[in-house]
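# Tertiary structure, described
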Amino acid sequence: MSPYESGRFAETSDLDGVACPADVARIVDEMLCDLEAHPGEWENTSLETFLDALSRSLQGLPQLYRNHGEDFADPPTWKQFAEALVMATGYE
């Protein structure tokens with residue numbers, strides 16, 4: 001990675017199949033494995049920066065769906081929660 005590039009999002013399996021807490025737990029396990037394998041590649045590798053990015057990701061997710069012409073479920077789905085988790089790994 002060049003010094004001018006920002007970090008990347010965690011690499012996980014497809015999020016479309018996330019439908020329950022066990023699926024989200026699997027995604028979190030994959031995120032942890034990715035972080036351990038590539039510790040310097042994520043944008044937000046500390047708990048502090050990750051939680052800040054997670055807060056911003058959760059706030060921005062409904063607008064992201066609208067920008068893509070999709071409805072944001074109310075209440076949000078497990079898939080949407082998993083999307084926010086992965087989004088927080090690379091959020092600037």
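Above: the structure in question.
Residues numbered from 1 in each chain as written. Predicted model: local features only at pLDDT ≥ 70, side-chain atom pairs only at ≥ 80, totals over all residues. Heavy atoms only, no water.

With that settled, the discussion passes to unusual backbone geometry. With an omega of 5 degrees, the peptide bond between Asp74 and Pro75 qualifies as cis. In this fold, Pro75 is placed in the loop between helix H2 (47-67) and helix H3 (78-90). (Helix = DSSP H or I, 4+ residues; strand = E, 2+ residues; numbered from the N terminus.)

On to the pattern of salt bridges, then. All chains considered together, the criterion is met by seven salt bridges. Glu41 is paired through a salt bridge with Arg8; the nearest N and O atoms lie 2.7 Å apart. Taken as a pair, Glu41 in the loop between helix H1 (21-37) and H2 and Arg8 in the segment before H1 lie far apart in primary sequence, 33 residues in all. For Glu41, a relative accessible area of 31% gives the class partly exposed. Using a relative accessible area of 18% as the deciding quantity, one classes Arg8 as buried. Of the charged contacts, one joins Arg56 and Asp52 as a salt bridge, the two residues approaching to 3.2 Å between their closest N and O atoms. Residue Arg56 and its partner Asp52 are located together in helix H2, separated by four residues, close to a single helical turn. (Salt bridge = Lys/Arg side-chain N within 4 Å of Asp/Glu carboxyl O. Buried < 20%, exposed > 50% of the residue type's maximum accessible area, 1.4 Å probe, protein only.)

Attention shifts here to H3. For H3, the buried fraction is high: eleven of the 13 residues fall into the buried class. Restricting attention to buried positions, one finds in H3 the residues Lys79, Gln80, Ala82, Glu83, Ala84, Leu85, Val86, Met87, Ala88, Thr89 and Gly90. Looking at the buried positions of H3, the neighbouring elements they touch are H1 and H2. (Contact = heavy atoms within 4.5 Å.)

Let us now look at the packing of H2 against H3. One way to put it is that H2 packs onto H3 with a least axis distance of 8 Å and a crossing angle of 125 degrees. One finds that H2 runs oblique with respect to H3. Along this stretch, H2 crosses H3, giving a crossing that reads as right-handed. In this structure, H2 uses Phe50, Ala53, Leu54, Ser57, Leu58, Leu61, Leu64 and Tyr65 to contact H3, whose residues at the interface are Lys79, Gln80, Glu83, Ala84, Leu85, Met87, Ala88 and Thr89. Residues of the contact of H2 with H3, tallied by class, amount to eleven nonpolar, three polar and two charged. (Axes fitted to C-alpha atoms, helices over the stretch in contact; angles between N-to-C directions. Parallel < 35°, antiparallel > 145°, perpendicular 65-115°, else oblique. Left-handed = near helix turned anticlockwise from the far one by under 90°. Nonpolar A, V, L, I, M, F, W, Y, C, P; charged D, E, K, R; others polar.)

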